[in-house]
Amino acid sequence: MRSNLFIASLATTFASLATAHTVLTTVFVNGINQGDGTCIRMSKNPDRATFPIEGINNANMACGLEGATPVAFTCPAPAGSTLTFAFREWADEPTKGAGPIDPSHIGSVAIYLKQVSNIATTNPAGGGWFKIYSDGYDSSRKQWSAKKLITDKGLLSFSLPSGLPTGYYLARSEILAIHDISGSGPQFFVNCAQLFVSGSTTGTVSIPSDKSVSIPGHVKYSDPGVTYNVYESNPDTKPYKVVGPAIFRPSGPGPSTNAKQTDGVIPAGCILKNANWCAKEVPDYSNENECWKASDDCWAQLDKCYTSAPPSGSRGCKVWQEKKCDKIVDSCRSGDWKGPRNKGQKVGSESESSAPVPGRIPGVGVSPGVEEPGVVIPEPEPVEGGDGGYEGGNGEGEGEGEEEEEEEENVPAPTTTGEAVVVTPVPTTLVTRPATTTEAAAPVTTGGGKKGCKKSKHYRRRAGRD
Ligand SMILES: [Cu+2]
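Residues numbered from 1 in each chain as written. Predicted model: local features only at pLDDT ≥ 70, side-chain atom pairs only at ≥ 80, totals over all residues. Heavy atoms only, no water.

On to the overall build of the protein. When its secondary structure is counted, the protein shows seven helices and 17 strands. Sorting the 466 residues of the protein into buried and exposed places 58% on the buried side. Counted over contacts in the protein with a minimum sequence separation of 6, partners at least 24 positions apart contribute 82%. Entry remark: accessible area of the protein is about 18,500 Å², with carbon and sulfur atoms responsible for 54%. (Helix = DSSP H or I, 4+ residues; strand = E, 2+ residues; numbered from the N terminus. Buried < 20%, exposed > 50% of the residue type's maximum accessible area, 1.4 Å probe, protein only. Contact = heavy atoms within 4.5 Å. Areas by Shrake-Rupley, 256 points an atom, 1.4 Å probe, with all protein chains shown as cover.)

So, in structure tokens, the structure goes:
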């Protein structure tokens, strides 16, 4: 039998020690929280996970540090759905510091997609990337994207193009900070989420050549979006141009219902999840010996939970211990040797296994999937295209030449209009959740202590190199 104390000490060992730049921690699909760390590739090293990429020709520009390492789960997301990405300055604590990022950061936010033949093995570095969203300086709000991100509590909503063919995609977030060009240089913060997109077509997305880029390679140090002097230029009179290609958003009829995900599926028998770890029910027991065996199984799973927990946290592990393993130990000790109790049922609530959502989710209305004009990039009605440009299911649908399927938007203008991103209220369970006592007691450490960025433009530390 393993002792509670031993595992309790693991909790401390593996609790994350976030440091302070920014990291993508959480994906919401049509407002539904997929769980902290779930489907997201982030560095397992809490001291590095929020750091910028070292050098713009580094392969890590594609999906971030350790970004070529797949995670177990791939989140289903219908074509045309609204995704919300949550960014945090401190990976396991969304309300610490400025929330998503220190206000010293000035620059842009962009989202790229890459369709991959194999979500686990296709190298994220290389060709096939296209940009579906970008935001630099919003002149209507007089706000740089990072400030907007702070206003929106780190929650960034965008829609997936409705014309994406069914398949596996890496969705790449790129936050570029150029406030310290003369010192640390451009800071690129990059992560990827693994998605299975159900679209109404199959095959390969056909990207116009001028909108398809290789990453690394999509940006140069001499690009105007990198060299822009944020202290001497006024973005209201000298517009800021976000780096990378023009936006490409294929439009189409939207999702299909018969697309079947086969890889990265979150198992049906998952009774609790933390990031990309899932708990399975313990073996049945009907005597003392079996009871302790079930207990061992529970603690062994807990061990795996903590060792697999990314810097976004281990709240689910704590729930597993308190609501499952501790209970089984109590049963074994008290002679209650029939179990497990509540066999096969979910343990705790989804919201207990993630950090509280720090604010309202922008851009998700009451009807999931309905795009809000002015919040996400609107897409026109699908163009009549017959059977479309994505022929067959053989993965060779490109080159069919049905160019009318694509809608090419250059979106230098802000993707939001008017005031704050006010939306129709989403059910409060999706938006704000009061911290439970469990969460309040979660072993969130404050460690680290390194401050990523200072507010002065004279800040000189070489990013990620010391
Ligand atoms: Cu920084």
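Next comes the rest of the account.
A few words now on the packing of aromatic side chains. Under the criterion given, the structure shown has ten aromatic pairs. Taken together, Phe85, Phe87, Tyr133 and Phe158 form an aromatic cluster joined through their ring pairs. It is Lys96 that lies over the ring of Trp90; its NZ or CZ is 3.4 Å from the centre. Over the face of the ring belonging to Tyr112 we find Arg172, whose NZ or CZ atom lies 4.9 Å from the ring centre. (Phe/Tyr/Trp six-rings, centres within 6.5 Å; stacked < 30°, edge-to-face > 60°. Lys NZ or Arg CZ within 6 Å of the ring centre and 35° of its normal.)

Okay, unusual backbone geometry next. Here the amide bond leading from Ile215 into Pro216 is cis, since omega sits at 5 degrees, within 30 degrees of zero. Note that Pro216 resides in the loop between β13 (213–215) and α3 (224–227). Residue Gly339 is joined to Pro340 through a cis peptide bond whose omega torsion reads 0 degrees. Counting through the fold element by element, Pro340 comes out in the loop between α5 (315–334) and β17 (406–408). Phi at Lys142 is positive, roughly 50 degrees, even though this residue is not glycine. Note that Lys142 resides in the loop between β8 (137–138) and β9 (143–144). The class of Lys142 is exposed, set by a relative accessible area of 53%.

Core analysis: the largest hydrophobic core is formed by 40 residues, its most contacted members being Phe85 and Leu160. Not counting residues within four places of it along the chain, the set of residues in contact with Phe85 comprises Leu24, Thr26, Val27, Ile111, Gly154, Leu155, Leu156, Phe158, Ala171, Ser173 and Ala193. (Core = buried A, V, L, I, M, F, W, Y, C linked by side-chain atoms within 4.5 Å.)

Another point: α5. Here α5 contains 20 residues, and its C-alpha end-to-end distance of 28 Å stays within 8% of the 28 Å for a straight helix at 1.5 Å per residue. The principal kink in α5, of about 35 degrees, is found at Gln321. The positive-phi residue at the C-terminal boundary of α5 is Gly335, with phi of around 85 degrees. (Expected span 1.5 Å × (residues − 1). Bend = angle between axes of the 7 residues up to and from the residue.)

Per the stated rule, a full pass over the model turns up six disulfides. Between the sulfur of Cys291 and that of Cys332 lies a disulfide, 2.1 Å long from S to S. Because the torsion about its S-S bond is -95 degrees, the bridge between Cys291 and Cys332 counts as left-handed. Of this pair, Cys291 sits in helix α4 (residues 288–308) while Cys332 sits in helix α5, and the two are 41 residues apart along the sequence. (Disulfide = S-S within 2.5 Å.)

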